[in-house]
Amino acid sequence: MLYGYLKESLFQIFNNLPGGVPLTVHCKSKDDDLGFKEIPTNGTWEFRFKGNFWGTTLFFCSFKWSDQFHYYDIYVEKRDFYRCRTLCQWYVQPTGPCLQKTLCDNWNS
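Structural notes, computed from the coordinates. None of the values given here were measured: they were computed from a predicted structure.

1. Focus: the overall build of the protein
Thought 1: Regarding its fold elements, the protein presents two helices and nine strands.
Thought 2: When the helices and strands of the protein are read in sequence order from the N terminus, they spell out α-β-β-β-β-β-β-α-β-β-β.
Thought 3: With the principal axes as the frame, the protein shows a C-alpha extent of 40 × 25 × 25 Å.
Thought 4: Residues counted as buried form 42% of the 109 residues belonging to the protein.

2. Observations concerning the packing of aromatic side chains
Thought 1: Under the criterion given, the structure shown has 14 aromatic pairs.
Thought 2: Relative to Phe47, the ring of Trp45 has its centre 5.1 Å away and its plane inclined at 35 degrees; by these criteria the two rings are tilted.
Thought 3: With relative accessibility at 14%, the residue Trp45 sits in the buried group.
Thought 4: Three or more aromatic residues joined by ring pairs make a cluster, and in this case those are Phe11, Trp45, Phe47, Phe49, Phe59 and Tyr75.

3. Focus: the side chain of Ser29
Thought 1: Relative to the helices and strands, Ser29 resides in the loop between β2 (23–28) and β3 (33–39).
Thought 2: Given the relative accessible area of 12%, Ser29 is considered buried.
Thought 3: A distance of 3.2 Å separates a polar side-chain atom of Ser29 from the backbone nitrogen of Asp31.
Thought 4: Leave out the neighbours within four places in its chain, and Ser29 touches Leu58, Phe59 and Phe60.

Quick notes on the rules
- Residues numbered from 1 in each chain as written.
- Predicted model: local features only at pLDDT ≥ 70, side-chain atom pairs only at ≥ 80, totals over all residues.
- Heavy atoms only, no water.
- Helix = DSSP H or I, 4+ residues; strand = E, 2+ residues; numbered from the N terminus.
- Buried < 20%, exposed > 50% of the residue type's maximum accessible area, 1.4 Å probe, protein only.
- Phe/Tyr/Trp six-rings, centres within 6.5 Å; stacked < 30°, edge-to-face > 60°.
- Polar contact = N/O pair within 3.5 Å; in protein donor to acceptor, adjacent residues only side chain to side chain.
- Contact = heavy atoms within 4.5 Å.

Following this line, the structure appears as structure tokens:
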């Protein structure tokens, strides 16, 4: 797991919502608050980070559009260490986020 601490990962969040609506995202970890970002239709927002030494890094995000509001743990080191080593692309859809467009999940809330 030391690899995650030494290597920086790029995270991209894509607004894949239908209907041309903007997506407001707020991501943070225990140590970092990345603030609110508005992603236009078919737009992308990205950030980079390095995992912590102990292998316990967690980034969680809120997602708001129209009358919808959801949460999702965008990076859980035990779950995502191997599938997001250097690049993690999340496509936000009404039903939940999809990693690399193929691994879709439900919202936490």
